[in-house]
Amino acid sequence: MHATPAPIVSIEDLSRYVGQVVTLRGWLYNKTGKGKLAFLQVRDGTGICQCVVFRPSVGDEMFAIADKLPQESSLTVTGAVKADARAPGVPGGYELDVQSLQVIQRAEDYPIGPKEHGTEFLMDHRHLWIRSSRQWAVLRVRATVMRAIRAWLDDHGFIEVSTPILTPSAAEGTTNLFEVDYFGDKAYLAQTGQLYNEANIFAFNRVYCFGPTFRAEKSKTRRHLTEFWMVEPEIAFCDLEQLLEIEEQFVSHIVQTCLRENADELRVLGRDVSRLQGIAPPFPRMTYDDAVATLQDIHTRLKAGETVEAHGGVPLQGIEDPDLLKIEWGMDFGSPHETALTQLYDKPVFVVGFPSAVKAFYMEPYPGRPEVCKSADLLAPEGYGEIIGGSERISSGELLEQRIQEHGLPMSAYKWYVELRKYGSVPHSGFGLGVERTVAWICGIEHVREASPFPRLLNRLYP
RNA sequence: UCCUCGAUAGCUCAAUGGUAGAGCAACCGGCUGUUAACCGGUAGGUUACAGGUUCGAGCCCUGUUCGAGGAGCCA
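Predicted, not measured: the structure shown is a model, and the values here were computed from it.

Basis of the calculations
- Residues numbered from 1 in each chain as written.
- Chains lettered and ligands numbered in written order.
- Predicted model: local features only at pLDDT ≥ 70, side-chain atom pairs only at ≥ 80, totals over all residues.
- Heavy atoms only, no water.
- 1 Å grid on protein atoms, 1.4 Å probe; cavity = no way out; pocket = protein on both sides within 12 Å on 5 of 7 lines; lining within 4 Å.
- Points joined across faces, edges and corners; volume = space filled by probe spheres on them.
- Nonpolar A, V, L, I, M, F, W, Y, C, P; charged D, E, K, R; others polar.
- Domains from an automatic or database assignment.
- Salt bridge = Lys/Arg side-chain N within 4 Å of Asp/Glu carboxyl O.
- Helix = DSSP H or I, 4+ residues; strand = E, 2+ residues; numbered from the N terminus.
- Buried < 20%, exposed > 50% of the residue type's maximum accessible area, 1.4 Å probe, protein only.
- Arc of directions from axis to C-beta.
- Contact = heavy atoms within 4.5 Å.
- Near = heavy atom within 4 Å.
- Polar contact = N/O pair within 3.5 Å; in protein donor to acceptor, adjacent residues only side chain to side chain.
- Pairing = 2+ DSSP bridges.
- Axes fitted to C-alpha atoms, helices over the stretch in contact; angles between N-to-C directions.
- Parallel < 35°, antiparallel > 145°, perpendicular 65-115°, else oblique.
- Left-handed = near helix turned anticlockwise from the far one by under 90°.

Q: Please explain empty space enclosed by the protein as it appears in this structure.
A: One water molecule sets the probe size; rolling that probe over the atoms shows where empty space is left. Going through the model one piece at a time under the given rule, you end up with two cavities of 30 Å³ or more. A volume near 50 Å³ is recorded for the largest cavity. What lines the largest cavity is simply Arg43, Gly45, Gly47, Ile48, Arg131, Ser132, Ser133 and Trp136. Taken together, the residues that form the lining of the largest cavity break down as two nonpolar, four polar and two charged. Two domains share the lining of the largest cavity, each providing at least three of its residues, namely domain 1 (11-105) and domain 2 (127-284 + 345-451). Its boundaries defined by the atoms lining it, the second largest cavity holds a volume of some 40 Å³. Taken together, Arg215, Glu217, Ser219, His224, Leu225, Thr226, Leu457 and Leu458 make up the lining of the second largest cavity. Across the lining of the second largest cavity, the residue classes tally to three nonpolar, three polar and two charged.

Spelled out as structure tokens, the structure:
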């Protein structure tokens, strides 16, 4: 009679198999040992489990194999699941009392050790770095964010309608677009799906597009990628006030879903989840006018050598040079301005009503105050910057044509877009949320490059 | 494009202008509860590249390349 083979299980499910003999398939993440004991940390993609190899239990030969196995070797390991508070791992608390193990491939000279490494080295080895527990955790959170985005929109009457990535020349400056050859013509990688979204709402009402967007900007900061993912909902019969309510519900749902489903990942990242638990509607709203006045006040006080208190009474952080906060009405915010403003609140903050001159041509002006438009940026807390840009769109065909002319844009390229206002125009609004910045904020990581599996940056196209 | 900083062992970093070193990783040995284990040992170098100053340069000077952080840019 043959013994029943041990079931192959995932590390995330180990708690259901305490006392049973199971098989894990995975890779050796790290190991340590003490004489006749070898502690193998095995990861299988769903978690990390400590597998304890005891020489008298497995015999000298198998023990020697386990004891000499290099990091990232692939293996299957069979043993009894034991609950033990000492067991490290993700989720941890359970370990395997090894009865046998089989090496699938010995990995020689794995370059990423359990020590510190520099950014360039890690980015050159991004294809391997994603195996490390912190990167693994971030990308698991990213997957949750993307799932939460779709789930909330799908549950609130939106349908996903894809917009093109290859687009004709449309905007005035093509310097920030990636140009591609399109059978002898020039085409550009999309930096937004919004204009197409506006066509789609007249067919489907609430829509969203969700995919990669491309910006050929020579930005070298912790907040910029040249390829990033953006979700852009667009809503018919919706004004700016209604839009902000949708945005705060949407963002809160994303954050709360991550807290609920990624507690282990956020623990691996050492994230202070108390900074996220209170993320719920309503978010504070601040007009652009007030924001400028606030920034001018902060600038004056910092120049006078005063300490400016941020939320929670702690001093304002990260302002190297107070003069970077200089601003006058009419100027767009730079990142130092956003950094200062967001520290005043413990939630994301809306800045509403930017000058029309610094925003896109299609934003609806305020009645009686045409120099200001119905636009709102949502700035994430803790200095993570703008995660949403949104606005109510111009619904009048005449005004839209006027704006296109004022911006020196080619009317022919926008013929179809203006035509949308001819056949049943309605008030409508929409916004775009950047996935990587949102993930970086939720995870509490320094740089958006870690929020993308294979990030593309100014000087980074490999691997 | 601009500003600041950096490049030394596979990795992370030290080294008054005077013999290039440590920790980790690798390899050998020891240990029955390790958590980035610990202890002992071995091996590991065109100091990014090119030129210059000097009796002598990892160190000082000039240029180049690459990288990091920030600014600008980011309808």
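Back to the text.
Q: Would you mind going over the pattern of salt bridges with me for this structure?
A: Pairing is possible between side chains of opposite charge, provided their charged atoms come close. Going through the model one piece at a time under the given rule, you end up with 28 salt bridges. Arg147 is the partner of Glu261 in a salt bridge, and the nearest nitrogen-oxygen pair spans 2.8 Å. Taken together, the residues span a long stretch of sequence, with Glu261 in helix H7 (residues 240-261) and Arg147 in helix H5 (residues 133-155) at a distance of 114 residues. By relative accessible area, which is 38% here, Glu261 ends up partly exposed. One salt bridge in this structure joins Asp289 and Arg369, with 2.8 Å as the shortest N-O distance. Pair noted here: Asp289 is in helix H10 (residues 288-303) and Arg369 is in strand S16 (residues 369-373), with a separation of 80 residues, a long-range link. Judged by its relative accessible area of 32%, Arg369 is partly exposed. Several salt bridges converge on common partners, so that one network encompasses Arg43, Glu72 and Arg131.

Q: What should I look at first to understand helix H12 (residues 397-406) in this one?
A: Because each turn of an α-helix spans 3.6 residues, side chains separated by three or four positions end up pointing in the same direction. By the burial criterion, the buried members of H12 are Gly397, Leu399, Leu400, Arg403 and Ile404. Looking down the long axis of H12, one finds its buried residues gathered within 160° of arc, a one-sided arrangement. What points out from H12, more than 90 degrees from its buried face, is the exposed set Glu398 and Gln405. Of the surrounding secondary structure, the elements contacted by the buried residues of H12 are strand S15 (365-366), S16 and helix H13 (415-419). A positive phi of about 65° marks Gly408, the residue just after H12.

Q: Would you explain the protein's contact with RNA strand B in this entry?
A: In the vicinity of RNA strand B there are 40 residues, among which Phe54, His117, Arg222, Ser335 and Ala360 approach most closely. Counting only atoms of RNA strand B within 4 Å of the protein, the fraction found in sugar and phosphate groups is 48%. A distance of 3.1 Å separates a base nitrogen of RNA strand B from a polar backbone atom of Gly33. Between Lys82 and RNA strand B, the recorded distance is 3.3 Å, taken from a side-chain N or O atom to a base oxygen. Counting only elements with at least two residues in the surface near RNA strand B, the list comes to strand S1 (21-34), strand S2 (37-43), strand S3 (48-54), helix H3 (119-124) and helix H11 (335-342). Ranked by the residues each element gives to the surface near RNA strand B, the list is headed by S1, at four residues. Taken together, the residues that form the surface near RNA strand B break down as nine nonpolar, 14 polar and 17 charged.

Q: What is the right way to read the environment of Glu386 from this model?
A: Tracing the chain through its elements places Glu386 in strand S18 (residues 385-393). In this structure Glu386 comes out as partly exposed when scored by relative accessible area, which is 24%. Distance in space between the C-alpha atoms of Glu386 and Ile159 is 25 Å, their sequence separation being 227 residues. Those residues within four positions of Glu386 in sequence are excluded, and the remaining contacts are Glu338, Asp377, Leu378, Leu379 and Arg437.

Q: Please clarify how the sheet that holds strand S14 (residues 349-352) should be interpreted in this entry.
A: Hydrogen bonds between backbone atoms are what pair the strands of a sheet, whose relative direction is either parallel or antiparallel. Read across the sheet, eight strands follow the order S7-S11-S12-S19-S18-S17-S14-S13 without closing on themselves; strand pairing throughout is mixed. Only two strands of the sheet have a single partner each, and these edge strands are strand S7 (159-160) and strand S13 (285-287). Pairing analysis gives six bridges linking S18 to strand S19 (residues 428-434), with the strands arranged antiparallel. Paired with Gly389 across the strands is Gly432, a residue of S19.

Q: Would you mind showing me how to read the packing of H7 against helix H14 (residues 435-443) here?
A: In a pair of packed helices, the angle between the axes and the distance between the axes together describe the arrangement. As a packed pair, H7 and H14 sit with axes 11 Å apart at the nearest point and diverge in direction by 50°. Taken together, the axes of H7 and H14 lie oblique to each other. Both H7 and H14 take part in a crossing whose hand is right-handed. Residues Val251, Ile254, Val255 and Cys258 of H7 pack against Thr438, Trp441 and Ile442 of H14. Per-class residue counts for the contact of H7 with H14 are six nonpolar, one polar and no charged.

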